Amino acid sequence: MELWFSEKHTEGVKFSIQVDQQLYSAQSPFQRIDVFESVEFGRFLTLDGYMMLTEKDEFIYHEMMVHVPMAVHPDVRRVLVIGAGDGGIIRELTAYSSIEQIDLVEIDQMVVEACREFLPQTACRLDDPRVTIHYQDGLKFVRHYENDYDLIIVDSTDPFGPGEGLFTREFYGNCCKALKEDGIMVNQHESPFYDVDALAMQRAHKRIVESFSISRVYQAHIPTYPSGHWLFGFASNRYHPIRDLRARDWKKLELTTRYYNTNLHRGAFALPNYVQALLEDVEHVELD
Amino acid sequence: MAGGDQRRAPIVEALQTVNRQRIVPFDVPGHKHGRGSPELTRLLGESCMRLDMNSMKPLDNLCHPVSVIREAEQLTAEAFGAAAAFLMVNGTTSAVQAMIMSVTKSGDRIILPRNVHRSVINTLVLNGAVPVYINPGSNERLGIALGMSLDDVRRAITANPEAKAILINNPTYYGICSNLQAIVELAHAHQMRVLVDEAHGAHFAFSPNLPLSAMAAGADLSAVSMHKSGGSLTQSSLLLCGPAINPQHVRQIINLTQTTSGSYLLLASLDMSRRNLALHGNEIFDKVTDMADYARDEINQIGDYYAYGRELVNGDAVFDFDPTKLAVNTLGAGLAGSEVYNLIRDEYDIQIEFGDLGNILAYLSIGDRIQDLERLVSALSELRRRYRRNRADLPTFDYISPQVVATPQEAFYSEKTALPLQEAAGRISTEFVMAYPPGIPILAPGEAITRDIINLIQYSREKGCFLTGTEDPQVGSINVI
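So, how was this worked out
Residues numbered from 1 in each chain as written. Chains lettered and ligands numbered in written order. Predicted model: local features only at pLDDT ≥ 70, side-chain atom pairs only at ≥ 80, totals over all residues. Heavy atoms only, no water. Domains from an automatic or database assignment. Contact = heavy atoms within 4.5 Å. Buried area = accessible area lost by both parts, 1.4 Å probe. Salt bridge = Lys/Arg side-chain N within 4 Å of Asp/Glu carboxyl O. Polar contact = N/O pair within 3.5 Å; in protein donor to acceptor, adjacent residues only side chain to side chain. Helix = DSSP H or I, 4+ residues; strand = E, 2+ residues; numbered from the N terminus. Nonpolar A, V, L, I, M, F, W, Y, C, P; charged D, E, K, R; others polar. Buried < 20%, exposed > 50% of the residue type's maximum accessible area, 1.4 Å probe, protein only. Pairing = 2+ DSSP bridges. Axes fitted to C-alpha atoms, helices over the stretch in contact; angles between N-to-C directions.

### So, the domain arrangement of chain B
All names here are of chain B.
No. 1: According to the domain assignment, chain B consists of domain 1 (10-278), domain 2 (282-387) and domain 3 (408-480).
No. 2: Taking the mean C-alpha position of each, domain 1 and domain 2 sit 27 Å from one another.
No. 3: Contact residues are listed per partner, giving 32 residues for domain 1 and 28 residues for domain 2.
No. 4: Across the domain 1/domain 2 interface, buried area totals approximately 2500 Å², and carbon plus sulfur atoms make up 58% of it.
No. 5: Where domain 1 touches domain 2, the interface holds 0 salt bridges.
No. 6: Linking domain 1 with domain 2 are 16 residue pairs in polar contact (both at pLDDT 80 or more), by the criterion used here.
No. 7: Those elements that place two or more of their residues in the side of domain 1 that touches domain 2 are β7 (176-177), α9 (226-230) and α11 (264-302).
No. 8: A breakdown of the residues in the side of domain 1 that touches domain 2 according to their chemical character gives 16 nonpolar, 14 polar and 2 charged.

What follows is the structure, encoded as structure tokens:
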């Protein structure tokens, strides 16, 4: 018997993982949630059939979303995380003792429950006393805060489905408002490679550039996402991701990471020419 | 009337049967199930093209319905609480025309609120009836026209006892309702027919939590835009008749101007949306009301905006309010409604129904999702953060009672000359001058042009109103008799 999970990365490209068994399947009010067990990637979570994370490569994504801004901002105390019901972002954040409060806003309670049960590798720190989970639409939550957070991490799904509102100008604008003056926003920024993803990536970038004076994009290699080449956004009205990197301070924390280090931090912002061109296409200013 | 089975959709069922029979088409339309227009078929889809059929024995005939269209019309009448109903394929404009032409003829008087849709006055150009206008009154703070006050109606009826009919806009675009039931009683006591432009109220008949529908209030005729809140295709509409109206006469009037090639796509959409409203309307509109109420609360929490609702109700010119309408006054944020309308589309990819000088209207329906409302609310919040200015008060627009010197028909068909606006005092206009806002005609064909009116047009222009109606797009000159 061979059982395979397949996801179409484009109309003509398919990505498949052999499945040992299906651990969970449910339809929530927002989406279909599945958890599978595989030999190659361990357990993995899909939403509406789209790959969210695998046990084998989730560390890349979560480390890059968290440690990049944490190595730049000198004093992160209050963090807002939007999406991220799997808990991976939370796990990385709770390693920092300086953080006092983490608000996790996830629209779908069933995602959190499924991950608590089947993906303890990522959900393991959701009960940290600093974490408050709000089951709410992220767009709605962030609208009600002003000058409140040091860091906002937007761990959204793709811009088709429940995550749609997290790719809009009104959302990024509201994030800008909810951040303190020197706050940083980091977001999942889609992929530059396939046309449909690249369009979503350009749109998101355009919307962020309109709301923040500093908006830079960085990359990582994530094998189970379409094309494997994935981007993240770094936006702030104060800090530049490279000029304001505090490499020595960060190293002093002696955190254990498998992907992130401060040399890679600098390198991650060096983008291929075609990606730069896609970004410049929607910017009014040149990248420096 | 015996209750029909509202789960049925006779026209749709007949179309599906004919479609399954794979009949060889040697009739129109010439695209022959789409095969003759392959590009159009790719664009619209094969099922759409296959259902685009012409009248034939199993599909009945819209001009003289005897089978499936007749059944669909009966089901529609029952669903809306009407004595008879007509499926309309030439827009609600055609329903308004048929309604007026069914009860008035050349020289007859008809009482109208001044903010009627222009299709009403255009109908008077067609049939020669004489308008008697009532000032609808307005809410000065919001800058919107209201419903008809019962006292104003009484005065108009007393002054024009020979009038044949009275027409009411109910609800207005903004959701304002008049005291329909009292107006109906008053008008009927004076042997006048009551016509209701119910273009924005297709949902009223389907929920006890909504304002009274025209038929429930005892009105004689009502024009209902099914394609607005009812869910059917654009241009499809309904004309409803009360028990005192002879439907055969109305049918004859409709056939004066209606196409003889009624679109079955439009008819099928009317049939299906009637079924949907009859079966699920109550829960659908409760849900839409909940969404609108939620959005109102959230928008009012942002600050400076005013999303108004039932609190406007005052027992008279605002007798009731349609809670599915989401209208927002934007002046508190120092923004014109038209500015918000443009910014929210250009910068936030959100298309709303309209923006006037002081308000925007977001049209809510069963097709909406709560996450889209979150976007709307968040975008309004962002617009306030980014563009807020000191509050600018609305200019106030005086209502000038029109002097109807000639009927719209006489004026429209008379020999005319164009005069610069400033030199037109004392003449009779042959065309409209409309100013948005407030969306009430300043002049209609057949009305005297006075110095006051010229000044009002100038003032409206200076205040940034959008002026339309004249042949001259700038409204610098005007055609007069």
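So much for the structure itself; the text now carries on.
### Description of the pairing of strand β9 (residues 221-224) of chain B
All names here are of chain B.
No. 1: Here β9 shows no split at all, with L221 and A223 on one side and S222 and V224 on the other all buried.
No. 2: Sheet analysis places strand β8 (residues 193-197) next to β9, joined by 3 bridges and oriented parallel. When the sheet's bridge partners are listed, V196 is paired in β9 with S222.
No. 3: Of the strand pairs in this sheet, β9 and strand β10 (residues 237-241) are connected by 4 bridges, and their pairing is antiparallel. In the sheet register, V224 faces β10, and the bridge partner there is L238.

### As for the domain arrangement of chain A
Residue and element names in this part refer to chain A.
No. 1: Taken domain by domain, chain A holds domain 1 (3-54) and domain 2 (58-281).
No. 2: Computed from C-alpha coordinates alone, the two centres of domain 1 and domain 2 are separated by 23 Å.
No. 3: Domain 1 puts 26 residues into the contact, and the matching count from domain 2 is 22 residues.
No. 4: For the pair domain 1 and domain 2, the summed buried surface comes to about 2000 Å²; carbon and sulfur atoms form 72% of the total.
No. 5: The largest per-residue losses of area from domain 1 upon contact with domain 2 belong to H9, F30 and L53, which jointly make up 26% of the total buried on that side.
No. 6: For the pair domain 1 and domain 2, the number of links is 0 salt bridges.
No. 7: Connecting domain 1 to domain 2 are 5 residue pairs in polar contact (both at pLDDT 80 or more).
No. 8: Only β1 (3-10), β2 (13-27), β3 (32-38), β4 (42-47) and β5 (50-54) provide two or more residues apiece to the side of domain 1 that touches domain 2.
No. 9: Per-element tally for the side of domain 1 that touches domain 2: the top contributor is β2, with 7 residues.
No. 10: Looking at side-chain class alone, the side of domain 1 that touches domain 2 contains 17 nonpolar, 6 polar and 3 charged residues.

### Details of the sheet that holds strand β19 (residues 466-468) of chain B
Residue and element names in this part refer to chain B.
No. 1: Across the sheet, which stays open at both edges, the 3 strands sit in the order β18-β17-β19 with antiparallel pairing between neighbours. Two strands bound the open sheet, and with one partner strand each, they are β18 (440-443) and β19. The sheet shows a mean angle of 30° between the axes of neighbouring strands, taken without regard to direction.
No. 2: Judged from the 3 bridges that link them, strand β17 (residues 433-436) and β19 form a sheet pairing that is antiparallel. Residue pairing in the sheet places Y436 in a bridge with F466 of β19.
No. 3: Strands β17, β18 and β19 of the sheet are contacted by helix α15 (residues 451-462), whose axis makes an angle of about 130° with β18.

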